[in-house]
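What follows is the residue order along each chain.
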Amino acid sequence: MVTAEAPLPPLPYATPPDWAAAMVPDLGTLLLDQAHLEKKAAAGALAFLFRVPGGADVQRALSALAREELVHFERTLRLLAQRGLPFAPLQPGRYAERLKAAVRSTMPHRLADELLVAAIIEARSCERMAAMAAALRAVDAEAAAFYGELGEAEARHEALYVQLAALLLPADALAARWRELGAHEAAVLAVLPRQPRLHSGTGSGA
Ligand SMILES: [Fe+2]
Ligand SMILES: [Fe+2]
């Protein structure tokens, strides 16, 4: 696996400090959203396994990532079941769809952008799950521990997707595209509505 170049800057959007506390009353919906997100994350990693060029090290890293996301999915299903909450369809938020609208259409830029979007989603998940862990600590220790444990993995996943994008773009182009996609993500979150989803926005909706 490639080693990371100079670390990329943090995403420009920072979730407001009151976001997680506002989500706590809708924890059941948020956990159901989490189950769907983990399943999608596994599917995304598996899709990259077939598309990202590279040798056994790349294949092994993506295979392990897909497996870890499935473990997260099963862990979330367990927590739902313990709480008597059924696994059911849930209208997804539009965050990922809006992010992907910025992906360029020609290769290798298309795949590099898809990997960077995946990295951004992992980074945002990491930030939001840490915020949920902190907000829940005093009121629901079990859910706080759940978010804390799963959220830690997301930082590693972000790093892997950035490393894979670095196989496709020179370092300066990678950094420039990261900044562009980060600005796009900030604009998306500013518009998407507040609702009980891990990737909810802080706008009034569009
Ligand atoms: Fe995960
Ligand atoms: Fe992840």
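Look up a bit, the structure's there.
Residues numbered from 1 in each chain as written. Chains lettered and ligands numbered in written order. Predicted model: local features only at pLDDT ≥ 70, side-chain atom pairs only at ≥ 80, totals over all residues. Heavy atoms only, no water.

Moving on to helix α5 (residues 109–136). For α5, spanning 28 residues, the distance from its first C-alpha to its last is 40 Å, which sits close to the expected 40 Å at 1.5 Å a residue. Across the 28 residues that make up α5, a large majority, 20, are buried. (Helix = DSSP H or I, 4+ residues; strand = E, 2+ residues; numbered from the N terminus. Expected span 1.5 Å × (residues − 1). Buried < 20%, exposed > 50% of the residue type's maximum accessible area, 1.4 Å probe, protein only.)

Here the focus is the packing of aromatic side chains. Scanning the entire structure with this criterion turns up three aromatic pairs. With 5.2 Å between their ring centres and 75 degrees between their planes, Phe-146 and Tyr-147 make a pair best called edge-to-face. Taken individually, Phe-146 and Tyr-147 each receive the classification buried, so the pair is uniform in this respect. Taking the ring centre of Trp-19 as reference, the NZ or CZ of Arg-128 above it sits at 4.5 Å. (Phe/Tyr/Trp six-rings, centres within 6.5 Å; stacked < 30°, edge-to-face > 60°. Lys NZ or Arg CZ within 6 Å of the ring centre and 35° of its normal.)

Its 21 residues place the ends of helix α7 (residues 171–191) 31 Å apart at the C-alpha level, agreeing with the 30 Å of an ideal helix rising 1.5 Å per residue. Of all the residues in α7, the buried ones are Leu-174, Ala-175, Arg-177, Trp-178, Leu-181, Gly-182, Glu-185, Ala-186, Val-188 and Leu-189.

This brings us to the coordination of the iron ion (ligand 2). In the first shell of the iron ion (ligand 2), the protein supplies Glu-69 (OE), Glu-122 (OE), Glu-122 (OE), Glu-154 (OE) and His-157 (ND1), at 2.0 to 2.6 Å from the metal. Going along the chain, you hit the donors of the iron ion (ligand 2) in the pattern E-x52-E-x31-E-x2-H. Here the iron ion (ligand 2) and the iron ion (ligand 1) are spaced 3.4 Å apart, linked through Glu-69, which binds each one. One end of the pair, Glu-69, is in helix α3 (residues 56–82); the other, Glu-154, is in helix α6 (residues 141–165), and 85 residues separate them in sequence. (Donors = N, O, S within 2.8 Å, 3.2 Å for Na, K, Ca; no water.)

Where α5 meets α6, the closest approach of the two axes is 7 Å, and the angle between their N-to-C directions is 160 degrees. Between α5 and α6, the angle falls in the class roughly antiparallel. Crossing handedness for the pair α5 and α6: left-handed. Of the residues belonging to the contact of α5 with α6, the class tally is 21 nonpolar, four polar and three charged. (Axes fitted to C-alpha atoms, helices over the stretch in contact; angles between N-to-C directions. Parallel < 35°, antiparallel > 145°, perpendicular 65-115°, else oblique. Left-handed = near helix turned anticlockwise from the far one by under 90°. Nonpolar A, V, L, I, M, F, W, Y, C, P; charged D, E, K, R; others polar.)

Turning next to the coordination of the iron ion (ligand 1). On the protein side, the iron ion (ligand 1) has Glu-38 (OE), Glu-69 (OE), His-72 (ND1) and Glu-154 (OE) as donor atoms, found 2.1 to 2.7 Å from it. By relative accessible area, Glu-69 is classed as buried at 0%.

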